[in-house]
Amino acid sequence: MHPSRDITSERSSLLEGRRIIVAMCGSVAVMRALDVARLLMRHGAAIVPVMSNAACRLVGPELVWWATGSEPIVTLGGATEHIAFAGRGPNRADLLLVCPATANTIGKIAGGIDDTSVTTFATTAIGSGMPTIVAPAMHEPMYAHPAVERNIQSLIDMDVDIVRPRREEDKAKLADPEHILDIVARRLHGRSPLAGKHIVVTAGRTVEYIDPIRVLSNNSSGKMGVAMARSAYRAGADVTLIYGKGTVAPPDCARTVRVDTAAQMHEAVIMELDGVRTGRPTDVLIAAAAVGDWQMPEASQGKISTHDRERLELTLVPTPKIIDDAKRRRPEIVLFAFRALHDLGEDELLDNARRRLTKASADLIAVNDTSDPAVGFESDRNALTLLTRTGEETPIPLSTKEQVAEKLIAELARFVSKHG
Ligand SMILES: Cc1cc2nc3c(=O)[nH]c(=O)nc-3n(C[C@H](O)[C@H](O)[C@H](O)COP(=O)(O)O)c2cc1C
């Protein structure tokens, strides 16, 4: 095995057993395509690299060979590599990712022209029904050319997924590698009962203002909720993320609504339940946020003076309970709650979670014990037990939050197919 493949499945087994053709064009973003390829490898994929001659002028094939552990295909020869890997034969890969895609190559693929290794792979892949994804990168004036958008639309009509670039600094920059991963994983995901559902995920922590600069809050990082949002997207759902404070960026795959306080999160959830903003009511609510339980009846308008620091007494009142109101408002949704408990024995933990599930009329509840430093709030890892209203109990062993989320979303999909 090539030594560079030692990173395979380092982060998850999401793409294990999958072979992905990464076809690189002559854009400066080709250097970032190596990060994309290695991210796909970290999730288990094997890479078949293909480079256009223009790509080879920007990065050397040796570097691509090192990064992917496979010698890149630059020139097509008697082995008919495009047919071998993108045709219908036994050696067929699972997906073609054109990354980065130049304006030139996008136009040629849209027009059915194949005069480079990349375009010949694309013609063959699209013609053989292979899932194909195109990730453009170019300067803004090139992206603004009406023919480029027309060509992109032609590709969409051919069932090609487009990973839209980030528009900044007068450039249409290659999308974030994690976003490309999400689109690849979604395209490769088998048919899921969650496909096409509107899933709303709450994540992060809320803050309650004592005065304009001081807050009451908790240590939730938002990692678990964001991982749930990404897994739901990968399973084919349309995801809205209602995000408080957190240490991780909201993912590009979700429509994100930012909130501060528990009351704002409550209001945002109610609006999503009814589909006020999008016209699409919620099908599934995943309540992963750590919502504060107490708030000031009214925050102080000015900063509380630090002159007299003997003692400060605060009277707090309860915040609105999102999960208790969700099913009352829309009984038809599937409600997936999270519960963080502290230092309880196993039986007590599960009893407590079961009572909470019943009180909220939830369908599923995932419970963990945050007194274990290996799991919970700020950690990258988690271990949970999932309970369903139908009495099932599934332990999810300690693993990365990303892997835990994959399992929880798979369990949610199973629940929806049986009871949803
Ligand atoms: C340094 C350099 C950077 C380039 N970057 C881009 C780019 O980001 N996007 C793009 O569409 N074309 C870019 N080009 C132009 C393409 O390389 C050119 O259109 C070439 O014919 C593309 O060939 P290919 O599509 O077969 O890779 C760049 C050219 C140079 C010299």
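Residues numbered from 1 in each chain as written. Predicted model: local features only at pLDDT ≥ 70, side-chain atom pairs only at ≥ 80, totals over all residues. Heavy atoms only, no water.

### Regarding the overall build of the protein
Logical step 1: A count of helices and strands for the protein gives 14 helices and 20 strands.
Logical step 2: Dimensions along the principal axes, computed over C-alpha positions, put the protein at roughly 80 × 50 × 45 Å.
Logical step 3: Taken across its 420 residues, the protein has 51% of its residues classed as buried.
Logical step 4: The contacts of the protein with a sequence gap of at least 6 include a subset with a gap of at least 24, amounting to 70%.
Logical step 5: Working note: accessible area of the protein is about 18900 Å², and carbon and sulfur atoms make up 50% of it.
Logical step 6: Between the centroid of the 50 positive side chains of the protein and the centroid of its 53 negative side chains there is a distance of 3 Å. (Helix = DSSP H or I, 4+ residues; strand = E, 2+ residues; numbered from the N terminus. Buried < 20%, exposed > 50% of the residue type's maximum accessible area, 1.4 Å probe, protein only. Contact = heavy atoms within 4.5 Å. Areas by Shrake-Rupley, 256 points an atom, 1.4 Å probe, with all protein chains shown as cover. Lys, Arg positive; Asp, Glu negative; His and termini not counted. Charge placed at Lys NZ, Arg CZ, Asp CG, Glu CD.)

### Quick word on the packing of aromatic side chains
Logical step 1: Under the criterion given, the structure shown has 1 aromatic pair.
Logical step 2: Ring geometry for Phe-336 versus Phe-338: centroids 5.4 Å apart, planes at 15°, classification stacked.
Logical step 3: For Phe-336, a relative accessible area of 0% gives the class buried.
Logical step 4: The ring centre of Tyr-233 lies 4.1 Å from the NZ or CZ of Arg-186, which sits over that ring. (Phe/Tyr/Trp six-rings, centres within 6.5 Å; stacked < 30°, edge-to-face > 60°. Lys NZ or Arg CZ within 6 Å of the ring centre and 35° of its normal.)

### As for the side chain of Arg-234
Logical step 1: Structurally, Arg-234 can be placed in helix H10 (residues 223–234).
Logical step 2: Exposure remark for Arg-234: the relative accessible area of 2% places this residue in the buried category.
Logical step 3: Engagement of the side chain of Arg-234 in a polar contact is seen with the side chain of Glu-406, the distance being 2.8 Å. (Polar contact = N/O pair within 3.5 Å; in protein donor to acceptor, adjacent residues only side chain to side chain.)

### Some thoughts on the domain arrangement of the protein
Logical step 1: Domain assignment breaks the protein into domain 1 (3–188) and domain 2 (198–298 + 313–419).
Logical step 2: Spacing between the C-alpha centres of domain 1 and domain 2 amounts to 35 Å.
Logical step 3: Facing the 13 residues of domain 1 at the interface are 12 residues of domain 2.
Logical step 4: Both sides together, the interface formed by domain 1 and domain 2 hides about 1100 Å², and carbon and sulfur atoms give 45% of it.
Logical step 5: For the domain 1 face of the interface with domain 2, the top three residues by lost area are His-179, Asp-182 and Arg-186, together amounting to 53%. (Domains from an automatic or database assignment. Buried area = accessible area lost by both parts, 1.4 Å probe.)

### Quick notes on the site of the ligand
Logical step 1: Residues in close proximity to the ligand total 15 residues, the closest being Gly-26, Ser-27, Ser-52, Thr-102 and Thr-105.
Logical step 2: Between Ser-27 and the ligand, the recorded distance is 2.8 Å, taken from a side-chain N or O atom to an oxygen atom.
Logical step 3: One of the side-chain nitrogen or oxygen atoms of Ser-52 is found 2.7 Å away from an oxygen atom of the ligand.
Logical step 4: Considered on its own, the ligand offers 640 Å² of accessible surface; in the complex 66% of this is hidden by protein. (Near = heavy atom within 4 Å.)

### A few points about the pairing of strand S12 (residues 238–243)
Logical step 1: With 5 of 6 residues buried, S12 is to be regarded as a mostly interior element.
Logical step 2: With 6 bridges connecting them, strand S9 (residues 198–203) and S12 associate as parallel partners. When the sheet's bridge partners are listed, His-198 is paired in S12 with Asp-238.
Logical step 3: Both S12 and strand S13 (residues 255–258) contribute to a ladder of 4 bridges, which runs parallel. Within the sheet, the bridge partner assigned to Thr-240 lies in S13 and is Arg-255. (Pairing = 2+ DSSP bridges.)

### Quick notes on helix H6 (residues 117–127)
Logical step 1: Judged by how many residues are buried, H6 sits mostly within the fold: 8 of 11 residues are covered.
Logical step 2: All of the buried residues in H6 are Ser-117, Val-118, Thr-119, Thr-120, Phe-121, Ala-122, Thr-124 and Ala-125.
Logical step 3: Buried residues in H6 make contact with strand S1 (19–24), strand S2 (46–51), helix H4 (81–86), strand S3 (95–101), helix H5 (103–110) and strand S4 (132–136).
Logical step 4: Among the residues trailing H6, Gly-129 stands out with phi positive, at a value near 80°.

### Re the sheet that holds S12
Logical step 1: Strand order in the open sheet formed by 8 strands is S13-S12-S9-S14-S17-S18-S19-S20, with mixed pairing between adjacent strands. Every interior strand has two partners, whereas the edge strands, S13 and strand S20 (393–400), have only one. Pairwise comparison of adjacent strand axes, ignoring direction, gives a mean angle of 15° for this sheet.
Logical step 2: Contacts between helix H13 (residues 346–359) and the sheet are confined to strand S17 (334–341), strand S18 (364–369), strand S19 (381–388) and S20, with S18 contributing the most and set at about 145° to the helix. (Axes fitted to C-alpha atoms, helices over the stretch in contact; angles between N-to-C directions.)

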